[in-house]
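Observations on the three-dimensional arrangement
Spelled out, the chains give:
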Amino acid sequence: MTQASSTQNLQADSRDHVLPPFTDYQALNAKGARVITKGDGIYIWDSEGHKILDGMAGLWCVNVGYGRKELVDAAAKQMQELPFYNLFFQTTHVPAIELAKEIASIAPEGMHKVFFTGSGSESNDTVLRMVRHFWACQGKPEKKWIISRLNGYHGSTVAGASLGGMKPMHEQGDLPIPYIDHIPQPYWFGEGGDMTPDEFGVWAAEQLDKKIQEIGADNVAAFIAEPIQGAGGVIIPPATYWPTIKKVLAKYDILLVVDEVICGFGRTGEWFGSQYFDLKPDLMPVAKGMTSGYLPMGAVLVGDRVAKVLTEQGGEFYHGFTYSGHPVAAAVALENLRILKNEHIVTQVKEKTAPYLQKKWAELADHPLVGEARTTGLLGALELVKDKQSRERFPGGNTGMRCREHCFNNGLVMRAVGDTMIISPPLVITCEQIDELVALARKALDATWAELKA
C-alpha cells in the first residue's frame, strides 16, 4: 500500500467512525483530516511524511515537548504497581498525595489543597459546584451568581461552556445555565475604539463593578477569568486591567477564580499566570501543562479561605469523578513537574526565550497584513487587517483560515481565531527554533497577502 493510499484509507475510516470536537463535519469530510503520526521535540509529522513545527504545543499543553521517555517510563512503572484506584470511600494513594503536595509547593501563596479532575472542563464544573457550596455552607445560598467575560473560554461541558462567553457555544444547547452573567473582555485591539490601551483597561475592569451592582453584591458568588484569554485569541489585557479588577474585588465579598488551564505550569514565565499578574485567587482550575498533555488530568487548586469552610463546615461534598487523581496520570504529572524544575524550563522561558520571542514576533508588525503583534511569555498573536490605522478587517472573516492553510502547507501549526493568528509553542523551544517559527509565520503571511491581492 502506498503512503498516499494509506492516508486516504485512514481519512475514510476517520470520516466513517470519528466525530472530532469543534468541527464542521460536512466541510471536513469534503477535505479529509490531516493524519498526525508522530512527534519529537517541538515537531510533529503527518502520514505523508511532512515535518511540521507545532506552534500550538498540541492544544496549549505539550510544554516539555514530544518524545520525553521519562514520562513514558513513569506511566509504565505506575501501571505495573497500581494502574488504577479511586479517591472515593475514604481511600487515597501515593501518586495523588505526592502530586498534590508538589503542586501546593509551587502554587500562589495561600493555596495548599488540590481537588483532582480529568480535564480543564471538569475543573471548571468543579469550580461552579464548589463556589456555590462554599456560600451555602455559610448560610448564604443566594450568593450563586458567577460573573465571567464575553469570549472567555472555560471548557465545553454544560457548566464550562456556560461560564465561558462564546456565543456559538451558547447557541447550541440553550446556554448559559441560570445565574451566570458576562461582562466585556479586555480586548483593546478589537474593541477599544478611540481609547488608549490604559483607558480601555480601566473601562473594561470597571464593567465588573457595574455588573456586581446590577446583580446585587449579596447575590454574587464569584468572578472567573483567564489571566490571558487563550482560545479567545491570546487577548493580553492592558496593563491597567488587572490592578483595577483587584480594586473592584477589594470592595466586595466575592471569590476570585483564575482559570489557569492555559497559563498554568510555566506558560507566562512564572509557574502560574496569577503570579505573573500578582493575583491572589481563591480557586484555580488547571489542566493541560500539568502532564504536558501526555495523559488527561486536571485539578482545582483551593485557597485556604475556601478549603477551611469545605473541610470544617461543608459536610460531604457530593461531587467527583471516577478518574479524580488517577494514579498513572498523577505519576506522569509528577515526573513532568520534575522535568520543568530540574531543567529550569520556567526560568528559561522568563529570562531567555520569552524575551527573544517578544523581540522577533514584534518584527512581524512591519508586514502589511499585520495590525498588531503581541506576546506575553510563550503566547503570541497577530491581528490580520486590511487597514492598519483603522484596524479594519478584510470582508468575509476568513482571512485567518486562509493564513492557517498556508501555515500548514509550509510546515507550521499556527491557529486561527477569526482573523487573529495565535501561537503557544512548547516551553522547550530554543531561540534558533523561534527564528524558524517566525520565518515560517512570515512566509504564511506573505502567501496570504499575495492571495488577497490577487
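Residues numbered from 1 in each chain as written. Predicted model: local features only at pLDDT ≥ 70, side-chain atom pairs only at ≥ 80, totals over all residues. Heavy atoms only, no water.

Relative to the assigned elements, Thr 117 resides in strand 4 (residues 111-117). One polar contact links Thr 117 to Ser 123, side chain to side chain, over a distance of 2.8 Å. Polar contacts involving the side chain of Thr 117 include one to the main-chain amide nitrogen of Ala 299, which spans 3.3 Å. Setting aside residues no more than four positions away along its own chain, Thr 117 makes contact with Glu 122, Ser 123, Thr 126, Met 297, Gly 298, Ala 299, Phe 321, Tyr 323 and Ser 324. (Helix = DSSP H or I, 4+ residues; strand = E, 2+ residues; numbered from the N terminus. Polar contact = N/O pair within 3.5 Å; in protein donor to acceptor, adjacent residues only side chain to side chain. Contact = heavy atoms within 4.5 Å.)

Where helix 4 (residues 69-81) contacts helix 14 (residues 327-342), the axes come no closer than 8 Å and their chain directions differ by 150 degrees. Note that helix 4 runs across helix 14; the crossing there is right-handed. Where helix 4 approaches helix 14, its residues Glu 70, Leu 71, Ala 74, Ala 75, Gln 78 and Met 79 are matched on the opposing element by Pro 327, Val 328, Ala 331, Val 332, Glu 335, Asn 336, Arg 338 and Ile 339. A breakdown of the residues in the contact of helix 4 with helix 14 according to their chemical character gives 9 nonpolar, 2 polar and 3 charged. (Axes fitted to C-alpha atoms, helices over the stretch in contact; angles between N-to-C directions. Left-handed = near helix turned anticlockwise from the far one by under 90°. Nonpolar A, V, L, I, M, F, W, Y, C, P; charged D, E, K, R; others polar.)

For the rest of this paragraph, the subject is the layout of surface pockets. Picture a little ball the size of a water molecule; that probe, rolled over the atoms, points out where space is still empty. Estimated volume of the second largest pocket: approximately 1,000 Å³. Within the residue set of the lining of the second largest pocket, elements represented by two or more residues are helix 5 (94-106), strand 4, helix 6 (120-137) and helix 13 (304-312). A per-element tally of the lining of the second largest pocket places strand 4 first, with 5 residues. For the lining of the second largest pocket, the class distribution of residues is 16 nonpolar, 10 polar and 2 charged. (1 Å grid on protein atoms, 1.4 Å probe; cavity = no way out; pocket = protein on both sides within 12 Å on 5 of 7 lines; lining within 4 Å. Points joined across faces, edges and corners; volume = space filled by probe spheres on them.)

Attention shifts here to the sheet that holds strand 11 (residues 370-376). Pairing is antiparallel across the open sheet formed by 4 strands, whose spatial order is 11-12-15-14. Two strands lie at the open edges of the sheet, namely strand 11 and strand 14 (415-417), each paired on one side alone. Taken over all neighbouring pairs, the strand axes of this sheet differ in orientation by 20 degrees on average, direction set aside. Examined bridge by bridge, strand 14 and strand 15 (residues 420-423) share 3 bridges and lie antiparallel to one another. Opposite Val 417, over in strand 15, you have Thr 420 as the bridge partner. (Pairing = 2+ DSSP bridges.)

Right, let's talk about the pattern of salt bridges for a bit. This structure, assessed with the given rule, holds 24 salt bridges. For the salt bridge of Arg 68 with Glu 70, the shortest nitrogen-to-oxygen distance reads 2.8 Å. Overall, the relative accessible area of 27% leaves Glu 70 in the partly exposed class. Beyond isolated ion pairs, a larger network of salt bridges with shared partners links Glu 372, Arg 374, Glu 383 and Arg 393. (Salt bridge = Lys/Arg side-chain N within 4 Å of Asp/Glu carboxyl O. Buried < 20%, exposed > 50% of the residue type's maximum accessible area, 1.4 Å probe, protein only.)

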